[in-house]
Amino acid sequence: MFRVFVRATTALAVGASMALAAGPAAAADIVITVTKFHALDRADELSSGDFFARIKIKGKAAFSPTITGEQVFTPDWKLTLPASRGSNEVNLALIDKDLAVDDPIDINRVENKRDLDFTVNTKTCRISGFSESYKCGDTITRTGTQNKKAEISFTVDVK
């Protein structure tokens, strides 16, 4: 009986280590790099816009610094958030910072939807949710159609 107990314990230990190896999926970081945006309308009536980008993944948010200037920007903003292994819903917004209420800038050609929602698969490094699919490192460009609109270019990477 002692031998059976030892073998059973060994089998349980081996089974436990296999479960740990195949256990919860490892996390990854999703990095959105905003390479360029062009303000196609004036964001503010009396001054240049004060722009920043925001990404959201699973209730967490990351923000870029705010920049002011002309209409065309090449900020090279890198926004990083942790994500789970597999499919992750991502929201990207370009925002004009104001004293009272920040104004979302339209970067989505879908009417009444100013920000972008897409899915990043951290296993395959594929981006979906647009009219075509992309892979990590591809430049994605989107343009809004409503008042206070911009064209934005960005890449997605998984680290």
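All of the points below concern the structure found in this document. Residue numbers restart at each chain and count upward from 1, following the sequence in its written direction. It should be noted that, the model being predicted, local features are given only for residues of pLDDT at least 70 and side-chain atom pairs only at 80 or more, the latter also being counted only at that level, while totals for whole chains, interfaces and linings use all residues. Hydrogens and water are ignored here; the side-chain numbers use all heavy atoms of the structure.

By convention in this document, the label disulfide applies to cysteine sulfur atom pairs within 2.5 Å. On inspection of all chains with the given rule, the structure shows one disulfide. A sulfur-sulfur distance of 1.9 Å marks the disulfide that ties Cys125 to Cys136. Between Cys125 and Cys136 the disulfide shows an S-S torsion of about -100°. By sign, it is left-handed. With a gap of 11 residues between them, Cys125 in the loop between strand 9 (116–121) and strand 10 (126–128) and Cys136 in the loop between strand 11 (134–135) and strand 12 (140–143) connect regions that are remote in the sequence. The class of Cys136 is buried, set by a relative accessible area of 17%. Where helices and strands are cited, they refer to DSSP runs of H or I of at least four residues and of E of at least two residues respectively, numbered from the N terminus. For each residue, the accessible area found with a 1.4 Å probe, counting protein chains only, is set against the maximum for its type, and the residue is called buried under 20%, exposed over 50%, and partly exposed in between.

Another point: the packing of aromatic side chains. In summary, the pairing rule links any two rings of Phe, Tyr or Trp, Trp by its six-membered ring, whose centres are within 6.5 Å, and it sorts them by plane angle into stacked for under 30 degrees, edge-to-face for over 60 and tilted for everything else. All chains considered together, the criterion is met by eight aromatic pairs. Between the aromatic rings of Phe37 and Phe51, the centroid separation amounts to 5.3 Å while the plane-to-plane angle is 70°, which identifies the pairing as edge-to-face. Here Phe37, found in strand 1 (residues 28–39), pairs with Phe51, found in strand 2 (residues 50–57); they are 14 residues apart in sequence, far enough to count as distant. The exposure class of Phe37 is buried, given its relative accessible area of 0%. Plain terms: the ring middles of Phe130 and Tyr134 are 6.0 Å apart, the flat faces sit at 80° to each other, and that makes the pair edge-to-face. The two residues Phe130 and Tyr134 agree in class, both being buried.

Right, let's get into the pattern of salt bridges. A carboxyl oxygen of Asp or Glu within 4 Å of a side-chain nitrogen of Lys or Arg is what we treat as a salt bridge. Taken as a whole and assessed by the stated rule, the structure comprises six salt bridges. Between Asp41 and Lys149 there is a salt bridge whose closest N-O contact spans 3.4 Å. In this pair, Asp41 sits in the loop between strand 1 and strand 2 while Lys149 sits in the loop between strand 12 and strand 13 (150–158), placing the two residues 108 residues apart along the sequence. Classification of Lys149 as partly exposed rests on a relative accessible area of 23%.

With that settled, the discussion passes to the environment of Ala150. Within the fold, Ala150 resides in strand 13. A residue is classified by how much of its surface remains accessible, and Ala150, at 1% relative accessible area, is buried. Distance from Ala150 to Ala39, taken between C-alpha atoms, is 4.4 Å for residues 111 residues apart in sequence. What makes two residues a contact is simply this: any of their non-hydrogen atoms within 4.5 Å. Aside from chain neighbours lying at most four places away, what touches Ala150 is His38, Ala39, Leu40, Leu94, Ile105, Asp106, Ile107, Arg142, Thr143 and Gly144.

With that out of the way, let us pick up the environment of Thr74. With respect to the secondary-structure elements, Thr74 resides in the loop between strand 5 (72–73) and strand 6 (77–83). Sequence spacing of Thr74 and Val34 is 40 residues, and the spatial spacing of their C-alpha atoms is 7.9 Å. Beyond its immediate chain neighbours, meaning those up to four positions away, Thr74 contacts Thr35 and Lys36.

Let us now look at the pairing of strand 3 (residues 60–63). For strand 2 and strand 3, the ladder comprises four bridges, and the chain directions are antiparallel. Among the inter-strand pairings, Ile57 is bridged to a residue of strand 3, identified as Lys60. Here, a strand pair is defined by DSSP locating no fewer than two bridges between the strands. The turn joining strand 2 and strand 3, which pair antiparallel and follow one another in sequence, is formed by two residues; a positive phi near 50° is taken by Lys58.

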